[in-house]
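Here is how the chains run, residue by residue.
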Amino acid sequence: MNGTTTVSLVGVGGQGILLAAAILAETAFAEGLDVKASEIKGMAQRGGSVQSTVRFGANVWSPVARYADVVIATELLEGHRGLGLLAPQGTLVCATTTRVMPGSVLRREEEYPDDLPAAARGARLIAVDAEALARAAGTVRAVNVALLGAASAVLPFSAASWRRGLAAAVPAQILAVNERAFALGRGAVSNEEVGP
Amino acid sequence: MAGGVGYNRCPVERTLFFSGNEAIAHGAVRAGAGFACGYPGTPSTEILETAARLDGIHAQWCVNEKVALETAVGASLAGVRTIVTMKHVGLNVAADPFMTLSLTGVNGGLVVVSADDPGMQSSQNEQDNRAYAKFAKVPMLEPSDSQEAYDFVAEAFALSEEFDTPVLLRSTTRLSHGRGKVIPRVPIEPEPREYARDISKYVMVPQYARLRNRLVLERLQKLRARAEESPLNVLEAGTADVGIIAAGVAYTYAREAFPKAWFLKLGMSHPLPQHKVARLYQQVSRVAVVEELDPFIEEQVRALGLPLVGKEALPADGELDQDIVFRALEPFLSRRPPRRRRPVFAPAPRLADPPQPAAGLPVRPPVLCPGCTHRAVFTALRRHKLAPMGDIGCYTLGALPPLLALDSCLCMGASIGMMAGFNKALGRKAAAAVIGDSTFFHSGVTPLIDAYYNEADGLVIVLDNRTTAMTGHQGHPGTGLRPDGSQGPAVDIQKLCEGIGVRCDTVDANDYGALDARLKAELDAPGLGVVVALAPCVLTVREKAGAIVVDDERCNLCGLCLDVGCPALASGADSVAVTEVCTGCGLCIEVCRRNALSYAEGA
């Protein structure tokens, strides 16, 4: 509604969802936009699903939105679940090799989904092997930032703003590795995958 | 900008992007508050954690919300502007002092922050605490974003001192954990307020309380007049022939859903500014009230005899958002009013059906961490035929599959009283109580004293992991840790229990054999006993205990180890597998009957 863009970040506690959201917010600030954000984190340390939403535009009223223009999922099952958050014609940026098994799957009571979240349902899917990119950057913990790099292909921010966003939100001692992960993620998404 | 005066920790060189909770803490310091206390509870916790990092204000965790409010009253009487924070259900705990505090009034301004949780992201109910403002006849402010959260705190302190009343500052999850830009204001230096002895004001024996109660009713009338003038209650002009009354985050949803409507935006939502409401009705022919949870504003507007659209269109449970508000109200607000030709709104864009996730995806409930010693206690406890009464903390997760080790969870500190009543009614040791260390101090000591006095049978297990783990490792009287990280004196749980007169033993929760034996012995013993199962929270312990390996020949996938619900154990093709999140606690080795699990040699 009214020119506000909504990005939701979903994953599992401990995957750096809140840091990725902070980078996104700082980047939007660097573009001179208004930003509001919201997070659900009560169970974040106990292996539950985590969701953070960042909204930006000229003037943002509500901190939340039911549907997101872009959903960034740092884990495959959460990517499947994240489809439910996606607006029509939205884009899902999903880590496809990062899998965190819930207890019911470990005990073989439920099946972990084998397929990728279905682009067939009208959503555009950008599938990213973020774990490999993060490893290449220097730490598997940077899956969140590698994905953000991939998502940057569909977000309306300049490279300079992303640099400022990263510098503002990421602690100095891990900034370099996260910059590398971001660049690898950004480079991994070709123009073809982004589409028109 | 305020030139950084009084904002030593504020990074003013870039945009301040505060959560509502951070904004409330900074707003309190800006308003000259010198004392902050509370009890942690989502979504209120970060207010006090932020205050503890700021200069010029003392911050402390209290044993529970009731004690926190009583402590705050003491600081207020001493003349200091004081803020006390809690989640919505915490105000139930503090309701006793809160209701009478309305009668005594304050000295230094006193602001009570209630952080409500519509949708129950992290709570056992979703009660609407606006009712407490009406119940206690105190003014209530409802910020709608971080800037207002920051600004309204100063307004709340001013109201508190001018009208001699506590002020309820009501937040909700989306305000407390939402983030928005904040422009800092010039710091306020409140007038010093000396304490003066005033028995008829502060001693609420009936004869004085009756007098004070009259003053409360007069105060409410004066507050009504103030609400009419208050700049916090704004009539915002629109271009459409509809009006919306809203407060808090619900205002932001309505504002985004209906940008052309008139708005009566209530920042001070109790008492209701009735004349301002009437002025809105003079401007438009249709009015809607947008609020989460109860029809709090709606009922008051209806009582004025004014027609509106409210809860017949909008849900009375859970959170709202701009989409829900738009879909619910658009049919009402765009319906043509009688004898008017022009449509109120341009035709709404039809929303296509959004994509849906596949059905039957595995759920991801929160689980006890790998290596959590609560799991060992539950594993030992469920071997006995008992009704374990639970309490509130990480260990409440023991009630979920596959452990299913707790029978109840009602509210903070309820376990021991429920156990005592259960056992008393049945005349035997049929229930146990399981309570965490912080919850024990919160409200477990008083029911333990009661159980001892009333000679209740029972076993109380204190899961002492040396922290308030669930809310993010805050200190408590058992550890002596303060929110700024400094160490104060600590209370010894075993000595405390023995001081009451209750038999008490402490056992290492990492030693499963000893733990199991101690619980069994205590269950066989007559009367009331306490076992303190002691082991620091695994999240605070960095080193791994040792690598665990599986003997594929011996393992027959019987499922006994999987049944303890450890996220580090997975069911493989022919045998279980230990994943990299294993901390080496060894509980799976204890429960395996085929010796298929063991510590790796040389580990």
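The rules behind each value
Think of each chain on its own: its residues are numbered from 1, step by step along the sequence as written. Chains and ligands are labelled by the order in which they are written, letters from A for the one and numbers from 1 for the other. Local features in this predicted model are restricted to residues of pLDDT 70 or higher, and side-chain atom pairs are both shown and tallied only at a pLDDT of 80 or more, whereas totals for entire chains, interfaces and linings draw on every residue. Numbering of helices and strands runs from the N terminus; a helix is a DSSP stretch of H or I covering at least four residues, while a strand is a stretch of E covering at least two. Exposure in this text rests on C-beta crowding, where 20 or more other C-beta atoms within 10 Å of a residue's own make it buried, 12 or fewer make it exposed, and counts in between make it partly exposed. The C-beta atoms are placed from the backbone. Whether two residues are in contact is decided by their C-beta atoms, placed from the backbone, lying within 7 Å. Here a nonpolar core is just a set of buried residues of the types Ala, Val, Leu, Ile, Met, Phe, Trp, Tyr and Cys, joined wherever their C-beta atoms sit within 7 Å. Start and end points for every domain follow an automatic or database-based domain assignment. At least two bridges found by DSSP between two strands are what make those strands a pair. For helices, the fitted line uses only the C-alpha atoms of the stretch in contact; every axis is such a line through C-alpha atoms, and the angle between N-to-C directions lies from 0 to 180 degrees. A residue's pLDDT is simply how confident the predictor is in it, with values from 0 to 100. Along the arc lie the directions from the helix axis toward the C-beta atoms. Between 65 and 115 degrees an angle is taken as roughly perpendicular, under 35 as roughly parallel, over 145 as roughly antiparallel, and anywhere else as oblique. A clockwise turn of the near helix away from the far one marks a right-handed crossing, whereas an anticlockwise turn of less than a right angle marks a left-handed crossing. Each residue is assigned to one of three groups, with Ala, Val, Leu, Ile, Met, Phe, Trp, Tyr, Cys and Pro labelled nonpolar, Asp, Glu, Lys and Arg labelled charged, and all others, Gly among them, labelled polar.

## Some words on the overall build of chain A
Along chain A, the regular secondary structure elements total eight helices and six strands. N-terminal to C-terminal, the α/β element order of chain A is β-α-β-β-β-α-β-α-β-α-α-α-α-α. Buried positions account for 58% of the 196 residues belonging to chain A. Within chain A, residue pairs in contact and separated by at least 24 positions form 67% of the contacts whose partners lie at least 6 positions apart.

## A closer look at the overall build of chain B
Within chain B, the secondary structure is distributed over 21 helices and 22 strands. Considering only C-alpha atoms, chain B reaches an extent of 85 × 65 × 55 Å along its principal axes. When the 603 residues of chain B are sorted by exposure, 53% land in the buried category. Of the contacts formed within chain B by residues at least 6 apart in sequence, a portion of 73% connects residues at least 24 apart.

## Quick look at the nonpolar core
If you look at the biggest cluster of nonpolar residues, it comprises 242 residues, and the most contacted ones within it are Ile72(A), Ala146(A), Leu147(A), Ala28(B), Val153(B), Ile461(B) and Ala533(B). Examining the composition of this core, we find that eleven residues originate from one element, helix H1 (residues 17–30) of chain A, more than from any other.

## Comments concerning the interface of chain B and chain A
Counting residues at the interface gives 45 residues for chain B and 50 residues for chain A. At the level of elements, strand E8 (179–182), helix H11 (248–257), helix H14 (322–333) and strand E20 (569–571) of chain B are the ones that each hand at least two residues to the side of chain B that touches chain A. The element best represented in the side of chain B that touches chain A is H11(B), accounting for five residues.

## Topic: the domain arrangement of chain B
Partitioning chain B into structural domains gives domain 1 (16–229), domain 2 (233–333), domain 3 (374–540) and domain 4 (548–599). Look at where the C-alpha atoms of domain 2 of chain B and domain 4 of chain B centre, and you get two points 57 Å apart.

## Some points on the sheet that holds strand E13 (residues 286–290) of chain B
All names here are of chain B. What the four strands build is an open sheet, ordered E9-E11-E10-E13; its pairing is mixed. The open sheet has two edge strands with one neighbour each: strand E9 (233–236) and E13. Each adjacent strand pair in this sheet contributes to an overall mean axis angle of 15°, direction not counted. Helix H12 (residues 274–283) rests against E9, strand E10 (242–246), strand E11 (262–266) and E13 of the sheet, and its axis sits at about 170° to E11.

## Some thoughts on the confidence of the model for chain B
All names here are of chain B. The share of residues in chain B with pLDDT of 70 or more is 95%, and the mean pLDDT across the chain is 91. Every residue in residues 1–11 scores below 50 in pLDDT, and together they form 22 contacts with partners more than four places removed in sequence or on other chains. Low pLDDT (under 50) marks residues 338–348, which in the prediction has eleven contacts with non-local residues, meaning those over four places away or in another chain. For this predicted complex, the interface score ipTM comes out at 0.80, while the overall pTM is 0.85.

## Topic: the pairing of strand E1 (residues 16–19) of chain B
Residues and elements named next belong to chain B. The two faces of E1 match: Leu16 and Phe18 on one face and Phe17 and Ser19 on the other face are all buried. As paired elements, E1 and E8 share four bridges and run antiparallel to each other. In the sheet register, Ser19 faces E8, and the bridge partner there is Arg179.

## Observations concerning the sheet that holds strand E7 (residues 167–172) of chain B
Residue and element names in this part refer to chain B. Within the open sheet, the seven strands sit side by side as E3-E2-E4-E5-E7-E6-E12. Their pairing is mixed. What marks the edges here is a single partner per strand, and that holds for strand E3 (58–61) and strand E12 (268–270). As paired strands, strand E6 (residues 140–141) and E12 are joined by two bridges and run antiparallel to one another. Of the residues in E12, the one forming a bridge with Leu141 is Met268. The sheet contacts of helix H3 (residues 65–77) involve strand E2 (35–38), strand E4 (82–87) and strand E5 (110–116), and relative to E4 the element is tilted by about 170°. Lying on the sheet, helix H7 (residues 146–163) is in contact with E5, E6 and E7; it crosses E7 at an angle near 160°.

## What about helix H4 (residues 130–137) of chain A?
Residue and element names in this part refer to chain A. Listed in full, the buried residues belonging to H4 are Ala130, Leu133, Ala134 and Ala137. Around the axis of H4, the buried residues are gathered within 100° of arc, so they sit on the same side. Within two residues after H4, Gly138 carries a phi angle of roughly 130°, on the positive side.

## Concerning helix H15 (residues 374–381) of chain B
Of all the eight residues making up H15(B), eight are buried; the element is thus mostly covered by neighbouring parts of the structure. Those residues of H15(B) lying buried are His374(B), Arg375(B), Ala376(B), Val377(B), Phe378(B), Thr379(B), Ala380(B) and Leu381(B).

## As for unusual backbone geometry
Residue and element names in this part refer to chain B. Cis geometry is adopted by the peptide bond preceding Pro43, which originates at Thr42 and carries an omega value of 10°. Relative to the helices and strands, Pro43 is located in the loop between E2 and helix H2 (45–53). With an omega of -5°, the peptide bond running from His270 to Pro271 counts as cis. Here Pro271 lies in the loop between E12 and H12. You will see that Glu455, though not glycine, has its phi angle at about 55°, which is positive. Note that Glu455 resides in the loop between helix H18 (445–453) and strand E16 (458–464).

## What about the packing of H1(A) against helix H6 (residues 159–169) of chain A?
Residues and elements named next belong to chain A. The N-to-C vectors of H1 and H6 enclose an angle of 130°; their axes lie 7 Å apart at closest approach. Comparing their axes, H6 and H1 come out oblique. Handedness of the H1/H6 crossing: right-handed. Contact residues: Leu19, Ala22, Ile23, Leu24, Glu26, Thr27 and Ala30 in H1; Ser161, Trp162, Arg164, Gly165, Leu166, Ala168 and Ala169 in H6. Residues of the contact of H1 with H6, tallied by class, amount to nine nonpolar, three polar and two charged.

## Some thoughts on the packing of H11(B) against H14(B)
All names here are of chain B. Relative orientation of the contacting elements H11 and H14 amounts to 60°, with a least axis distance of 8 Å. Relative to H14, the element H11 is oriented oblique. For the pair H11 and H14, the sense of crossing is right-handed. Along its contact with H11, which presents Tyr253, Ala254, Glu256 and Ala257, the element H14 presents Gln322, Val325 and Phe326. Grouping the constituent residues of the contact of H11 with H14 by class yields five nonpolar, one polar and one charged.

## Brief notes about the environment of Glu553(B)
Topologically, Glu553(B) is positioned in the loop between strand E19 (548–550) and E20. Sequence-wise, Glu553(B) and Asp574(B) are 21 residues apart; in three dimensions their C-alpha atoms are separated by 9.2 Å.

## Topic: the environment of Val54(A)
Residue and element names in this part refer to chain A. For Val54, the position within the fold is in strand E3 (residues 49–57). Val54 gets classed as buried once you count the C-beta atoms within 10 Å, which come to 28. Taking the C-alpha atoms as reference points, Val54 and Glu39, 15 residues apart in sequence, are found 8.8 Å from one another. Other than its neighbours up to four places away in sequence, Val54 contacts Val7, Ala21, Leu24, Ala25, Val35 and Ala37.

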